[in-house]
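What follows is the residue order along each chain.
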Amino acid sequence: MSIKITKTPTPKVKPQNPLGFGKYFTDHLVTMEYVDGKWETPQIVPYSPFSLDPSTAIFHYGQGIFEGLKAYKDAEGSIRLFRTMDNLNRLNDSAHRLCIPQVDTKIVYEALVELIKLDADWIPTDEGTSLYIRPSIIGIDPALGVRASSRYIFFIILSPVGAYYEKGFSPIKLFVEENYSRAAKGGTGDKKVIGNYAASLKAAADAAEKGYSQVLWLDSNEHKYVEEVGAMNICFVFEGNKIVTPALTGSILPGITRRSILELASANGMAVEERLVSIEELVNGVKSGKCSEIFGTGTAAVVSPVGAFSYKGEEISVNGGKLGEITLKLYKELTGIQTGRIEDKFGWSIKI
């Protein structure tokens, strides 16, 4: 496949540290349109705004999906991707749920690689930094009416990023949400759907006002079982060496980082359980010492230790508010594989 590349005549000035997260974007993007029942050939063009009609479907009915993954540079300067096809397959899974046409993942992968090569000098190399990759698809029919769009734009943008949280790899505090719900079984909670994140904003804002970094969501039916954090899946260390995480029951996103951590933990001889975890079990487990560590997993933050959480007006400290030994071990091993510092025995990291 021949991808048309139009280089920008006015390259941007590269940002300096601290990068933050999602604040800067590279010189180019991939774009591809779905017209007359088929996806056209992707193009790489200068990064610039889209021009869309005010009646465009995405503005009114939210028919849009996205993915998040990263590229890294290793010590030799080679570019590495991590489990990219898993993300692209999940994009198609989300597309199916929202009546969006499937993309050819091989073509998209090729376009993504060409984009990263073109903007390779944007990949940061400081500890904890990476190039964040955001593929998205939106419905663009210029007409009102609740129905699936007949036209779509697929695009990929790149952003050099640092730590997702301001404090970096330090324990965060979570607020257990008892009133609002993020997602219900049968809905779109297990897909990367744009509207899922809009639905979480109010609870997240309320938690932030109380001094908490993120919301820990409970199930929508009983508000009894732990599900996930606003931007991450969640894991617990029980009985010293057992990784427990909420089961994927239809309302929890099947995270690629989550899967990687579970596979990595299992390979390290740790027991792994995917099951229902009630908030009461968690509270009692932390207070008794049976649950010694809590951490989140996700592309943006990779692994994020949890130092405390608030439930029913009580702030409960986890591991004395300190970073846990197992959390640190898994973080170092996963990021070591992603950046090429540690041998990849799983075939996750790919040089391009």
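On a predicted model such as this, the values are computed, not experimentally measured, just so you know.

Participant: Any chance you could explain helix α6 (residues 256-267) here in plain terms?
Facilitator: Residues spaced three or four apart along an α-helix face the same direction, because each turn holds 3.6 residues. Helix length check: α6 (12 residues) gives 16 Å between terminal C-alpha atoms against 16 Å at 1.5 Å per residue, within 8%. Looking at α6, one finds that the buried residues are I256, T257, R258, S260, I261, L262, L264 and A265. One or two positions beyond α6, positive phi appears at G269, with a value near 85°.

Participant: Got a minute to help me understand the nonpolar core in this structure?
Facilitator: One recurring pattern in soluble globular proteins: nonpolar side chains tend to sit buried together. Among the nonpolar cores identified, the biggest contains 34 residues, and I116, I133, I137, F154 and I156 are the most heavily contacted of them. Those residues within four positions of F154 in sequence are excluded, and the remaining contacts are V30, T31, M32, W39, L91, V103, V108, P135, S136 and I137. Grouped together as the second largest cluster of nonpolar side chains are 26 residues, L174, V176, V286 and V318 included.

Participant: Even after reading the chapter, I still don't get a nonpolar patch on the surface, so can you show me in this structure?
Facilitator: A cluster of nonpolar side chains, namely Y61, L144 and V146, defines an oily patch on the protein surface of about 330 Å² accessible area. When you line up the elements, V146 lands in the loop between β8 (130-139) and β9 (152-161).

Participant: What's the story with the environment of E227 in this structure? I'm lost.
Facilitator: Looking at the element boundaries, E227 is found in strand β12 (residues 226-229). For E227 and L216, which are 11 residues apart along the polypeptide, the C-alpha to C-alpha distance reads 7.5 Å. A polar contact is formed between the side chain of E227 and the side chain of S251, at a distance of 2.7 Å.

Basis of the calculations
- Residues numbered from 1 in each chain as written.
- Predicted model: local features only at pLDDT ≥ 70, side-chain atom pairs only at ≥ 80, totals over all residues.
- Heavy atoms only, no water.
- Helix = DSSP H or I, 4+ residues; strand = E, 2+ residues; numbered from the N terminus.
- Expected span 1.5 Å × (residues − 1).
- Buried < 20%, exposed > 50% of the residue type's maximum accessible area, 1.4 Å probe, protein only.
- Core = buried A, V, L, I, M, F, W, Y, C linked by side-chain atoms within 4.5 Å.
- Contact = heavy atoms within 4.5 Å.
- Patch = residues over 30% accessible without salt bridge, like charges linked within 9 Å, V, L, I, M, F, W, Y side chains within 5 Å.
- Areas by Shrake-Rupley, 256 points an atom, 1.4 Å probe, with all protein chains shown as cover.
- Salt bridge = Lys/Arg side-chain N within 4 Å of Asp/Glu carboxyl O.
- Polar contact = N/O pair within 3.5 Å; in protein donor to acceptor, adjacent residues only side chain to side chain.

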